[in-house]
Amino acid sequence: MTRVPDAELVLVPGGTLVTATPEEGRALALTLARHTIHAIQPELETLQAGRKEYATEPDSLIAAGHVVALEFATIAAANGYWRP
């Protein structure tokens, strides 16, 4: 089995949740969600085999969106909701 590269298994890229803008925070949330999935299932073939199934299932897509939303909420809190 081919594994996800170790660089993709870093749980907090750059070691911080602090971002300059909400847009950067949202991008970080997507990255964190991907890294979480890679950490749970590091075998690329297994990840790729499952994509066909979950990519067309509304419940799976909603669940993935929920994970990103939770990550973004955490990042927003860490950034004081980008308020001075």
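Rules of the game
- Residues numbered from 1 in each chain as written.
- Predicted model: local features only at pLDDT ≥ 70, side-chain atom pairs only at ≥ 80, totals over all residues.
- Heavy atoms only, no water.
- pLDDT = per-residue confidence, 0-100.
- Helix = DSSP H or I, 4+ residues; strand = E, 2+ residues; numbered from the N terminus.
- Expected span 1.5 Å × (residues − 1).
- Buried < 20%, exposed > 50% of the residue type's maximum accessible area, 1.4 Å probe, protein only.
- Arc of directions from axis to C-beta.
- Contact = heavy atoms within 4.5 Å.
- Phe/Tyr/Trp six-rings, centres within 6.5 Å; stacked < 30°, edge-to-face > 60°.
- Lys NZ or Arg CZ within 6 Å of the ring centre and 35° of its normal.
- Core = buried A, V, L, I, M, F, W, Y, C linked by side-chain atoms within 4.5 Å.

Peer 1: Please provide a residue-by-residue account of the confidence of the model for the protein, values included.
Peer 2: Looking at the protein as a whole, its pLDDT mean stands at 88, while 99% of the residues score no less than 70. Summarising per-element confidence for the protein, the mean pLDDT is lowest in helix H2 (residues 44–54) (86) and highest in helix H3 (residues 58–78) (93).

Peer 1: Outline H3, listing residues and values.
Peer 2: Here H3 contains 21 residues, and its C-alpha end-to-end distance of 30 Å stays within 8% of the 30 Å for a straight helix at 1.5 Å per residue. By the burial criterion, the buried members of H3 are Val 68, Glu 71, Ile 75 and Ala 76. In an axial view of H3, the angular spread of the buried residues amounts to 140 degrees, which keeps them on one side of the axis. Within H3, the exposed residues directed more than 90 degrees away from the buried face are Pro 58, Asp 59 and Ile 62. Next to the buried residues of H3 lie helix H1 (22–40). Positive phi appears at Gly 80, one or two residues downstream of H3, with a value of about 60 degrees.

Peer 1: Please provide a residue-by-residue account of the packing of aromatic side chains, values included.
Peer 2: A full pass over the atoms with the stated rule returns 1 aromatic pair. Ring geometry for Phe 72 and Trp 82: centres 5.8 Å apart, planes at 20 degrees, overall stacked. With Phe 72 in helix H3 and Trp 82 in the segment after H3, this residue pair connects regions lying 10 residues apart in the sequence. Overall, Phe 72 belongs to the partly exposed group, its relative accessible area being 25%. Trp 82 sits in the partly exposed class, given a relative accessible area of 23%. Just above the ring of Phe 72 sits the side chain of Arg 26; from NZ or CZ to the centre is 6.0 Å.

Peer 1: Can you explain the nonpolar core? Please cite residues and give values.
Peer 2: Listed in full, the 6 residues of the largest apolar core are Leu 28, Ala 29, Leu 32, Ala 33, Val 68 and Ile 75. Here this core takes 4 residues from H1, the largest share from any one element. Setting aside residues no more than four positions away along its own chain, Ala 33 makes contact with Val 67, Val 68 and Glu 71.

Peer 1: Which residues make up unusual backbone geometry, and what values do they have?
Peer 2: The residue Tyr 81 is not glycine, and still its phi comes out positive at about 55 degrees. The class for Tyr 81 is partly exposed, based on a relative accessible area of 49%.

Peer 1: If you had to explain the environment of Val 4 to someone new, which residues and values would you point to?
Peer 2: Its place among the elements puts Val 4 in the segment before H1. Assessed through its relative accessible area of 2%, Val 4 is described here as buried. Along the sequence, Val 4 and Lys 52 sit 48 residues apart, while their C-alpha atoms lie 18 Å from each other. Setting aside anything within four residues of it in sequence, one finds Val 4 in contact with Leu 9, His 38, Gln 41, Pro 42, Leu 44 and Leu 47.

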